[in-house]
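Spelled out from the first residue to the last, the chains are:
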Amino acid sequence: MIKKYRSLIRHLQDFEKAKKLKITLTGVNQLFFDKLIAYFQTEKKLTNNTTSKYIKLIKTFLNWCVERKGLKNTDYKKVKTKHDKVDIIALTEKELKQLYEYDFYSETLKQVRDVFCFGCFTGQRFSDIRNLKRADIKGRKWYLRVQKTREINEIYLNDYALSILQRYAGNERPLPVMSNQKTNQCLKEACRIAGIDDIVTITRYRGAERIEKQQPKYNLITTHVARKTFITLSLQKGMRREVVKKISGHYTNESFEKYVSITNSEQTKAMEKYWSKN
């Protein structure tokens, strides 16, 4: 969150220089937002969703100002931005098996693979996996105090997750977790070597402009994809939505649906199953 606000500050400073103006609380009105949104999309070339993210941050700050009597004008609440549905990147069951079983030459790649696959088999955030301690594991249960919500979530460790933990049974920590940035770098390399290289088309929008970019799937794999993979594959296997939500620790349908990927092959199977004459 701090990084997001720092990035926003830099954009606002660039906006001031480009438009030769000084941003003040009293000057933050509808016209200001119209100019800022246009600047983000035409000069900064930001997508609708990135623009929406920054406008939301500004409105959050303005809400804070109103609550503390530092701002009276609340016209900013009327400002609306367009948020487009994003493409969900998740591993297929075949790709997950490829990665899980691949015999890497590098110990670092093995460790990064194991941490990522542990996320795919438990559905938990990278930050929570990084904080995992041996005292949190009792038998086949992981008693997780979620970093984001501070609540305890009881996670059943399936056979795949347990097999990964057993590889590091002699270590002080249950898993050899590196920094998020380093993990993401190595993860892309691991997925490339393991053959997760289907060409994927990512679609974004800037205003009404449609922007498509094609690249190998391994370029799009990050630690966050593990969580999306768990949710998507669990639903494909027939787990009830409310059970998957409980395991993953999502409390609203809106946040949960952002992680669900329904493939064309699934749609085909469903149509054949429910609409076939047989």
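Residues numbered from 1 in each chain as written. Predicted model: local features only at pLDDT ≥ 70, side-chain atom pairs only at ≥ 80, totals over all residues. Heavy atoms only, no water.

Chemist: Which residues make up the pairing of strand β3 (residues 152–156), and what values do they have?
Modeler: Side chains Asn 153 and Ile 155 project from β3 onto a buried face, and the interleaved Ile 152, Glu 154 and Tyr 156 project onto a face without burial. Two strands pair when backbone bridges link them, and strand β2 (residues 141–145) and β3 are joined in this way by five bridges, in the antiparallel orientation. The residue of β3 that forms the bridge with Arg 145 is Ile 152. (Buried < 20%, exposed > 50% of the residue type's maximum accessible area, 1.4 Å probe, protein only. Helix = DSSP H or I, 4+ residues; strand = E, 2+ residues; numbered from the N terminus. Pairing = 2+ DSSP bridges.)

Chemist: Describe the nonpolar core, and please don't skip the residues or the numbers.
Modeler: Leu 99, Phe 116, Phe 118, Trp 142, Leu 175 and Ile 221 are the most contacted members of the largest nonpolar core, which has 41 residues in total. It is helix α5 (residues 107–122) that provides the largest number of residues to this core, a total of eight residues. Excluding anything up to four places from it in sequence, Trp 142 contacts Phe 118, Thr 122, Gln 124, Asp 128, Ile 129, Leu 132, Asp 136, Asn 153, Glu 154, Ile 155 and Leu 157. Judged by nonpolar contacts, the second largest core, of 20 residues, contains Ile 37, Leu 46, Ile 55 and Leu 57. (Core = buried A, V, L, I, M, F, W, Y, C linked by side-chain atoms within 4.5 Å. Contact = heavy atoms within 4.5 Å.)

Chemist: Can you explain the sheet that holds β2? Please cite residues and give values.
Modeler: If you trace the three strands from one edge of the open sheet to the other, you get β1-β2-β3, paired in antiparallel fashion. The sheet is open, and its two edges are formed by β1 (137–138) and β3, each paired on a single side. Two strands pair when backbone bridges link them, and β1 and β2 are joined in this way by two bridges, in the antiparallel orientation. Bridging across to β2, Ile 137 finds its partner in Trp 142.

Chemist: Tell me what's going on with a nonpolar patch on the surface, and back it up with residues and numbers.
Modeler: On the surface, Leu 25, Phe 61 and Trp 64 cluster together into a nonpolar patch covering about 290 Å² of accessible area. Here Trp 64 is to be found in helix α3 (residues 48–67). (Patch = residues over 30% accessible without salt bridge, like charges linked within 9 Å, V, L, I, M, F, W, Y side chains within 5 Å. Areas by Shrake-Rupley, 256 points an atom, 1.4 Å probe, with all protein chains shown as cover. Salt bridge = Lys/Arg side-chain N within 4 Å of Asp/Glu carboxyl O.)

Chemist: An account of the packing of aromatic side chains is needed here, citing residue identities and associated values.
Modeler: Counting across every chain of the model gives 11 aromatic pairs. Ring geometry for Phe 40 versus Tyr 54: centroids 5.8 Å apart, planes at 45°, classification tilted. Placement of the pair is Phe 40 in helix α2 (residues 30–42) and Tyr 54 in helix α3, with a sequence separation of 14 residues. On the basis of relative accessible area, Tyr 54 is assigned to the buried category, the value being 5%. Summarising the aromatic geometry, the rings of Phe 121 and Tyr 160 are spaced 4.8 Å apart at their centres and angled 20° between planes, so their arrangement reads as stacked. With a gap of 39 residues between them, Phe 121 in helix α5 and Tyr 160 in helix α7 (residues 159–166) connect regions that are remote in the sequence. For Phe 121, a relative accessible area of 9% puts it in the buried group. (Phe/Tyr/Trp six-rings, centres within 6.5 Å; stacked < 30°, edge-to-face > 60°.)

Chemist: Before we move on, can you summarise the pairing of strand β5 (residues 209–216) with the specific residues and values?
Modeler: Across eight bridges, the pairing between strand β4 (residues 199–206) and β5 is antiparallel. Bridge pairing in β5 places Arg 206 opposite Glu 209. Linkage of β4 to β5, two consecutive antiparallel strands, is achieved through a turn of two residues, within which Gly 207 is found at a positive phi near 70°.

Chemist: Outline unusual backbone geometry, listing residues and values.
Modeler: Positioned with a positive phi, Lys 20 is a non-glycine residue whose angle comes to about 55°. Structurally, Lys 20 is set in the loop between α1 (2–19) and α2. Since its relative accessible area comes to 74%, Lys 20 is described here as exposed. The phi dihedral of Lys 69 is positive, around 65°, even though this residue is not glycine. Its location among the elements puts Lys 69 in the loop between α3 and α4 (93–101). Note on Lys 69: relative accessible area 74%, which makes it exposed.

Chemist: Can you lay out the packing of α1 against α2 for me, pointing to particular residues and giving the numbers?
Modeler: The angle between the axes and the distance between the axes are what describe a pair of packed helices. Relative to each other, α1 and α2 sit at 100°, their axes nearing to 11 Å. Of the possible angle classes, the one that applies to α1 and α2 is roughly perpendicular. When α1 is examined against α2, the residues His 11, Leu 12, Asp 14, Phe 15, Ala 18 and Lys 19 are found in contact with a partner set consisting of Phe 32, Lys 35, Leu 36, Tyr 39 and Phe 40. Looking at the contact of α1 with α2 residue by residue, the class counts come to seven nonpolar, one polar and three charged. (Axes fitted to C-alpha atoms, helices over the stretch in contact; angles between N-to-C directions. Parallel < 35°, antiparallel > 145°, perpendicular 65-115°, else oblique. Nonpolar A, V, L, I, M, F, W, Y, C, P; charged D, E, K, R; others polar.)

Chemist: Break down the packing of α2 against α3 for me, citing the residues and quoting the values.
Modeler: As a packed pair, α2 and α3 sit with axes 10 Å apart at the nearest point and diverge in direction by 145°. Crossing of α2 against α3: the hand is right-handed. Two secondary-structure elements touch here, α2 through Phe 33, Leu 36, Ile 37, Phe 40 and Gln 41 and α3 through Asn 48, Thr 51, Tyr 54, Ile 55, Ile 58, Lys 59 and Leu 62. For the contact of α2 with α3, the residue count by class is eight nonpolar, three polar and one charged. (Left-handed = near helix turned anticlockwise from the far one by under 90°.)

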